[in-house]
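Chain by chain, the residues:
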Amino acid sequence: MDNVDTEEMPKDFKMPKDFKMPSMDELMKMVDSMKGLSEEQREKLREQFVKKAGFQNPFADGENPSQGLDMTSAATAFEMITLVIYLIMVISFISVFAFFGYKLYKSLTEKERKREEKLKAKQSKKKK
């Protein structure tokens, strides 16, 4: 409600408390459902809405800006991409820790094995 252009509203106009600004898709559906408008008038109205909102749908074709993916799909796709990137980062982080943990374990067990062999060799030398 903060981004409503109040310059064009009459001074005595009161905004209803439960007013919800329609989304771009809802506006485009309203334009499509208007009767008595030619296709050219609808297209002009769509272009004015898009221009006024400062919104360019990157998935729309040049002829019809209301076509293509809606913003909810684009937002969901963006969230999914972000989630995948975070998952890859977490998996990489865990993999690095697992790799170095494994190397530390192998090093310590190898050291322990060599110490035991040395001790056995020393004991066998003592017996002789």
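Residues numbered from 1 in each chain as written. Predicted model: local features only at pLDDT ≥ 70, side-chain atom pairs only at ≥ 80, totals over all residues. Heavy atoms only, no water.

Enquirer: Any details on the overall build of the chain? Residues and values, ideally.
Expert: Along the chain, the regular secondary structure elements total 3 helices and 0 strands. Along the chain, helices (α) and strands (β) appear in the sequence α-α-α when read from the amino end. The buried share among the 128 residues of the chain stands at 12%. Counting contacts in the chain only where the partners sit at least 6 residues apart, residues at least 24 apart contribute 17% of the total. Counting only carbon and sulfur atoms, one obtains 61% of the accessible surface of the chain, whose full area is about 11,800 Å². (Helix = DSSP H or I, 4+ residues; strand = E, 2+ residues; numbered from the N terminus. Buried < 20%, exposed > 50% of the residue type's maximum accessible area, 1.4 Å probe, protein only. Contact = heavy atoms within 4.5 Å. Areas by Shrake-Rupley, 256 points an atom, 1.4 Å probe, with all protein chains shown as cover.)

Enquirer: Give me the lowdown on the pattern of salt bridges, citing residues and values where you can.
Expert: With the rule as written, the count across this model stands at 7 salt bridges. Residue Asp 32 pairs with Arg 46 through a salt bridge whose shortest N-O separation is 2.3 Å. In this pair, Asp 32 is assigned in helix α1 (residues 24–33) and Arg 46 in helix α2 (residues 39–53), connecting sequence segments 14 residues apart. Accessibility expressed as a relative area gives 37% for Asp 32, which makes it partly exposed. Arg 113 is the partner of Glu 110 in a salt bridge, and the nearest nitrogen-oxygen pair spans 2.2 Å. Of this pair, Glu 110 and Arg 113 both sit in helix α3 (residues 71–127), 3 residues apart, which is roughly one turn of that helix. The partly exposed category is assigned to Glu 110, whose relative accessible area is 32%. Each of Asp 32, Glu 39, Arg 42, Glu 43 and Arg 46 takes part in salt bridges that share partners, so that together they form one network. (Salt bridge = Lys/Arg side-chain N within 4 Å of Asp/Glu carboxyl O.)

Enquirer: So what's going on with the environment of Pro 22? Residues and values would help.
Expert: Looking at the element boundaries, Pro 22 is found in the segment before α1. Excluding anything up to four places from it in sequence, Pro 22 contacts Leu 27 and Met 30.

Enquirer: Any chance you could break down the packing of aromatic side chains for me, citing the residues and the numbers?
Expert: A complete count under the given rule lists 2 aromatic pairs for this structure. A ring pair is formed by Phe 93 and Phe 97, whose centres lie 4.8 Å apart and whose planes are at 70°; its orientation type is edge-to-face. Taken as a pair, Phe 93 and Phe 97 lie in helix α3 at a separation of 4 residues, close to a single helical turn. Considered together, Phe 93 and Phe 97 belong to a single accessibility category, that of exposed residues. Aromatic pair Phe 99 and Phe 100: ring centres 5.3 Å apart, planes at 75°, arrangement edge-to-face. (Phe/Tyr/Trp six-rings, centres within 6.5 Å; stacked < 30°, edge-to-face > 60°.)

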